[in-house]
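So you can see what is in the structure, the chains are spelled out below.
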Amino acid sequence: AQKVTQAQTEISVVEKEDVTLDCVYETRDTTYYLFWYKQPPSGELVFLIRRNSFDEQNEISGRYSWNFQKSTSSFNFTITASQVVDSAVYFCALRGRSSGSARQLTFGSGTQLTVLP
Amino acid sequence: DTGVSQNPRHKITKRGQNVTFRCDPISEHNRLYWYRQTLGQGPEFLTYFQNEAQLEKSRLLSDRFSAERPKGSFSTLEIQRTEQGDSAMYLCASSLGQENTEAFFGQGTRLTVV
């Protein structure tokens, strides 16, 4: 069975602050894929990043950065110098390779980020 | 627009009625997924198609739910004899055939059963 836990239900920050969204996952698969999606009020899930389990190199893309630590089963997401437009619900998701999980995404319950002006 | 398209965006129906939703995936994507999302929760997997073949179905997909993907293009999700518990956002996603590719989501159909 797969599980994704996003312990932070809601986070509020003031614009220009840095914020880190936590994600912890469980899987028995040795190869798996991790994702982050953003869901603005319009409802559409917007893909942000995919990370393969065999690639632990952290990644930075503009104001976004991701810290993947296999030893602690965590895949955290940091927004630097947050902006009001970053306000959304952020989901961490996992896809394994074993039968029954190889195609479906297992999502966490999401973190509502509010960036105040 | 080459993204995933879902229709309608909103649907209000009376309990007991049947409803059908449509999803048009990104044209070159052979995988298509349906998810359901309730308020305050992450999306939950319902079913998956590889081309026209429905390969996986979640236990969440009761007998009142049926999905099709004729000719491996668009897909429909039908709910028969709707119940208030069916009220949710129904999301469609598509992806290429490789396992390490990301899925792209549509804007969803919000169903309200009154």
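Right above here is the structure, for reference.
None of the values given here were measured: they were computed from a predicted structure. (Residues numbered from 1 in each chain as written. Chains lettered and ligands numbered in written order. Predicted model: local features only at pLDDT ≥ 70, side-chain atom pairs only at ≥ 80, totals over all residues. Heavy atoms only, no water.)

Caption draft 1: Local environment of unusual backbone geometry. Note the cis peptide between B:Asn7 and B:Pro8, where omega equals -10°. Counting through the fold element by element, B:Pro8 comes out in the loop between strand E1 (5–7) and strand E2 (10–13). With a phi angle near 50°, A:Ala81 is a residue other than glycine that sits in the positive phi range. Tracing the backbone through its elements, the reader meets A:Ala81 in the loop between strand E9 (74–79) and strand E10 (88–95). The backbone phi angle of B:Arg81 is positive, close to 50°, even though this residue is not glycine. With respect to the element layout, B:Arg81 can be found in the loop between strand E8 (75–79) and strand E9 (88–95). (Helix = DSSP H or I, 4+ residues; strand = E, 2+ residues; numbered from the N terminus.)

Caption draft 2: Main features of the pairing of strand E3 (residues 19–24) of chain B. Residue and element names in this part refer to chain B. Side chains Val19, Phe21 and Cys23 of E3 all project onto a buried face; the interleaved residues Thr20, Arg22 and Asp24 project onto a face where none is buried. As paired strands, E1 and E3 are joined by three bridges and run antiparallel to one another. Note that in E3 the partner of Gln6 across the bridge is Cys23. The pairing of E3 with E8 spans five bridges and is classified as antiparallel. Along E8, the bridge assignment pairs Cys23 with Ser75. (Buried < 20%, exposed > 50% of the residue type's maximum accessible area, 1.4 Å probe, protein only. Pairing = 2+ DSSP bridges.)

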